[in-house]
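Secondary and tertiary structure notes
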Amino acid sequence: MAAAAAPGVAPVRARFLTSKEQFHAYLRAGGEEEEEEKEEKEEEQVSSAQSEPPAKRVKAEELGQDGESQGKAGEEEKERPEKKRARGQNKSRPCMKPNCYEQSRLCPSVTQGCGGQCHFGPRCRFLHDVSEYLAAKPADLGQRCVLFDTFGRCPYGVTCRFGQAHLGDGHQNLVNAALAQQWEGKLLVRNGLSKELQQQLRKRKFTFRKAEEFLRGLHGGKGGKARGGSTEVSNCTAPQEGLGDSPVLQEQGEDPKPGDLEGSRGAEGAPEPEALQNSRGAEGAPSIPTLGPLTDEDITKLRPCEKKKLEIQGKLYLAPLTTCGNLPFRRICKRFGADVTCGEMAVCTNLLQGQSSEWALLKRHHTEDIFGVQLEGAFPDTMTKCAELLNRTIDVDFVDINVGCPIDLVYKKGGGCALMTRSNKFEQIVRGMNSVLDVPLTVKIRTGVQEKVNVAHKIIPRIREWGASMVTLHGRSREQRYTRSADWEYIAECARIASPMPLFGNGDILSYEDANRAMQMGVSGIMIARGALIKPWLFTEIKEQRHWDISSSERFDILKDFTNYGLEHWGSDTQGVEKTRKFLLEWLSFLCRYIPVGLLEYLPQRINERPPYYLGRDYLETLMASQNVDDWIKISELLLGPVPPSFTFLPKHKANSYR
């Protein structure tokens, strides 16, 4: 009878288990270990199966009831500061800037075929001589360019790292006219930031008519009915003392906002932006000049019952995942059966400032049929204005408010989980955003802030009253982060309280049994987060109600598809290749936690069970199981060629989710 796995360790079959030293020796040898040697080591492997990295010891073992743990109290005291630093994010990780791996870059005017006329002239810091650029350009990574093969044309021309596929005589960029014509006029990725809109935001010329109307009512509500506000605003609970003063907001740690919140009302006598001063009518309401015919939408607000409904009950919802939930990854999940997708968390103040990197998080691929964006913010003025901005400029099916982010950077500024303890601000944010949006508004929350103090059941009825269309509940508190099992009993209780408003449950789903058990709790649907990062084919398993013993070659093909999608999205030049590599490595830091079905003693694998060291059924399967960064880089080199000189990588998220 096989020995039982230690608490918190996944139950891998004894014949596959090995030690840390043998595991890395096998990978260094390229998988050429003799079969006879393996058989001789089987007993040793079983006995050493429980050996694990010191930084990931199971807490239950450290706090064991035997005398050993107390005898080593002095050593543990010394280790504690190091363990504390090991939580959460790698905040001091090195960042590879583009100039680290490409010293001489070609001017975009040359790449895009602008006849050599550069807008910056002699001040341009990029190269304009193609021959000089090619002399220093790294070698091509392959003979086929995914952009040329897919679309018939590669916009990166000579800078493409697969340029030999489409460069002719004299470095001319070839075009497959027949294939290019098939894609002509088709918009594959929506929600981009135009230069015109970016200029408006940076120069504070964008007008927020509906948001300003709501905020005037909010600030005027202190003395009675909101001035110039709508019925929806007048029903809003009156704010507490001092809530209408912008200096108070600044004291509470709010981020600097563009144009002092673009004309939000400050203390009496505060100067207003010139554009708003010039556009005010006699009654103080903004008369914003508009183009085109006057429509009903300009003068009549949508009633809540007229808003588009969010019909996603019973569907599989891919969670908004910071860093890893990028567009190429979402395409992978859509292919495996995800029904609803959501962009990565975007900070509202950055969007209002027109930051390109933040707007990139809102991009939507044409295959994402039900798509939303998630916003993070701490104050009603910035969140309401951002909601109106997105409502007028991008195409989404819903907008989600992040009230579940546990990280200190967000929490200490009053956003994320902190909103659960700031009910007045929370209410104003939900009501304000709902008043300016034409699409449904959803909210994602946790059970609470403290570990044993659940407050979600008190907040959910109020969220429903404020006008949200749906709530997603992550079954852990902020203090728990990801280190305890999700409380599905509590999620079930909250689902009953939320009715008739839909409530989606989130936490610890890694198999179709987990999904079935979650649906039996009475939730409207399930949101999948880490489970999708560890095995994106989980959506297929749930829909087909089976365990998929996916082979290492099939998993490698998924990584190939991700790199192709990444090159399409971020580009096939050196900068695009390295950005694709970076996000691939971030994803591999989760993928390595997957244990193949055929290797498990019993099913299913639990999300908080740590994989022991094991040898897979082939070399590639073993390589994919490695939690060593060097092995992840080796996998990336199989797909994207050798890394640049002095390349370094440290994952953003640490694996602190094991019990």
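Residues numbered from 1 in each chain as written. Predicted model: local features only at pLDDT ≥ 70, side-chain atom pairs only at ≥ 80, totals over all residues. Heavy atoms only, no water.

Some thoughts on the overall build of the protein chain
- When helices and strands are tallied, the protein chain shows 32 helices and 10 strands.
- Buried positions account for 51% of the 659 residues belonging to the protein chain.
- Within the protein chain, contacts between residues at least 6 apart in sequence are counted, and of these 71% link residues at least 24 apart. (Helix = DSSP H or I, 4+ residues; strand = E, 2+ residues; numbered from the N terminus. Buried < 20%, exposed > 50% of the residue type's maximum accessible area, 1.4 Å probe, protein only. Contact = heavy atoms within 4.5 Å.)

So, empty space enclosed by the protein
- This structure, assessed with the given rule, holds seven cavities of 30 Å³ or more.
- Taken as a whole, the largest cavity spans an internal volume of roughly 100 Å³.
- Lining the largest cavity, in full, are Pro-536, Trp-537, Arg-555, Ile-558, Leu-559, Trp-587, Leu-588, Leu-591, Cys-592, Met-624 and Ile-635.
- Elements that contribute at least two residues to the lining of the largest cavity include exactly α29 (552-570) and α30 (574-591).
- In the lining of the largest cavity, the residues fall into 10 nonpolar, no polar and one charged. (1 Å grid on protein atoms, 1.4 Å probe; cavity = no way out; pocket = protein on both sides within 12 Å on 5 of 7 lines; lining within 4 Å. Points joined across faces, edges and corners; volume = space filled by probe spheres on them. Nonpolar A, V, L, I, M, F, W, Y, C, P; charged D, E, K, R; others polar.)

Some points on helix α24 (residues 456-466)
- All buried positions along α24 are accounted for by Ala-456, Ile-459, Ile-460, Ile-463 and Trp-466. Axial view of α24: buried residues confined to an arc of 125 degrees, hence all on one face. For α24, the exposed residues lying more than 90 degrees away from the buried face are Lys-458 and Glu-465.
- Lining the buried residues of α24 we find α23 (423-436), β7 (441-446), β8 (470-474), α25 (488-498) and β9 (503-506).
- Positive backbone phi, approximately 115 degrees, marks Gly-467, located one or two places after α24. (Arc of directions from axis to C-beta.)

Let's talk about the packing of helix α12 (residues 209-220) against α23
- Where α12 meets α23, the axes come as close as 9 Å, and the angle between the chain directions of the two elements is 145 degrees. By crossing handedness, the relation of α12 to α23 is classed as right-handed. Counting all contacts with α12, which are made through Lys-210, Ala-211, Phe-214 and Leu-218, the residues of α23 involved are Gln-428, Arg-431, Gly-432, Ser-435 and Val-436.
- Residue classes in the contact of α12 with α23 are distributed as four nonpolar, three polar and two charged. (Axes fitted to C-alpha atoms, helices over the stretch in contact; angles between N-to-C directions. Left-handed = near helix turned anticlockwise from the far one by under 90°.)

Some words on the environment of Val-523
- Considering the arrangement of structural elements, one finds Val-523 in the loop between α26 (512-519) and β10 (525-528).
- Exposure remark for Val-523: the relative accessible area of 6% places this residue in the buried category.
- Taking the C-alpha atoms as reference, Val-523 lies 9.6 Å from Thr-472; in sequence the two are 51 residues apart.
- Those residues in contact with Val-523 that lie beyond four places of it in its chain are Trp-488, Ile-491, Ala-495, Leu-503, Gly-505 and Ala-518.

With respect to α30
- Between its first and last C-alpha, α30 extends 25 Å over 18 residues, near the 26 Å set by a 1.5 Å rise per residue.
- Among the 18 residues that make up α30, 15 are buried, leaving the element largely enclosed by the rest of the structure. (Expected span 1.5 Å × (residues − 1).)

Concerning the confidence of the model for the protein chain
- Counting all residues, the mean pLDDT for the protein chain is 81, and 74% of those residues have values of 70 or more.
- Overall, residues 41-86 carries pLDDT values under 50, and its contacts beyond four positions in sequence, including any with other chains, amount to 44 contacts. (pLDDT = per-residue confidence, 0-100.)

With respect to the nonpolar core
- Met-433, Ile-445, Leu-503, Ile-526 and Leu-559 are the most contacted members of the largest nonpolar core, which totals 134 residues.
- Per-element accounting of this core gives the leading share, eight residues, to α30.
- Once you skip the residues sitting within four places of it in the chain, Ile-445 turns out to touch Val-403, Gly-404, Met-420, Ala-456, Ile-460, Ile-463, Val-471, Thr-472, Leu-473 and His-474.
- Membership of the second largest hydrophobic core comes to nine residues, among which are Ala-10, Val-12, Leu-17 and Leu-599. (Core = buried A, V, L, I, M, F, W, Y, C linked by side-chain atoms within 4.5 Å.)

So, the sheet that holds β10
- With parallel pairing, the eight strands of this open sheet are ordered in space as β2-β10-β9-β8-β7-β6-β5-β3. The two strands at the open ends of the sheet, each matched to only one other strand, are β2 (316-318) and β3 (341-347). The mean angle between the axes of side-by-side strands here comes to 25 degrees, regardless of whether they run parallel or antiparallel.
- In the packing of α23 onto the sheet, contacts are made with β5 (371-376), β6 (398-403) and β7, and the angle to β6 comes to roughly 170 degrees. (Pairing = 2+ DSSP bridges.)

Observations concerning the pairing of β10
- Both faces of β10 are covered, namely the face carrying Gly-525 and Met-527 and the face carrying Ile-526 and Ile-528.
- Alignment of β2 against β10, held across three bridges, turns out to be parallel. Pairing of Tyr-317 across the sheet is with Met-527, part of β10.
- Pairing geometry for β9 and β10, over three bridges, is parallel. Looking at the pairing, Asn-506 lines up with Met-527 of β10.
- At this point the chain moves from β9, through α26, to the parallel β10, and the crossover so formed is right-handed. (Right-handed = clockwise from strand over helix to strand, strands pointing away.)

Here's the deal with the side chain of Asn-402
- Topologically, Asn-402 is positioned in strand β6.
- The class for Asn-402 is buried, based on a relative accessible area of 8%.
- A polar atom in the side chain of Asn-402 sits 3.1 Å from the side chain of Gln-374.
- Engagement of the side chain of Asn-402 in a polar contact is seen with the backbone nitrogen of Cys-405, the distance being 2.8 Å.
- Apart from residues no more than four positions distant in its own chain, Asn-402 is found in contact with Met-345, Gln-374, Leu-375, Glu-376, Gly-416 and Lys-444. (Polar contact = N/O pair within 3.5 Å; in protein donor to acceptor, adjacent residues only side chain to side chain.)

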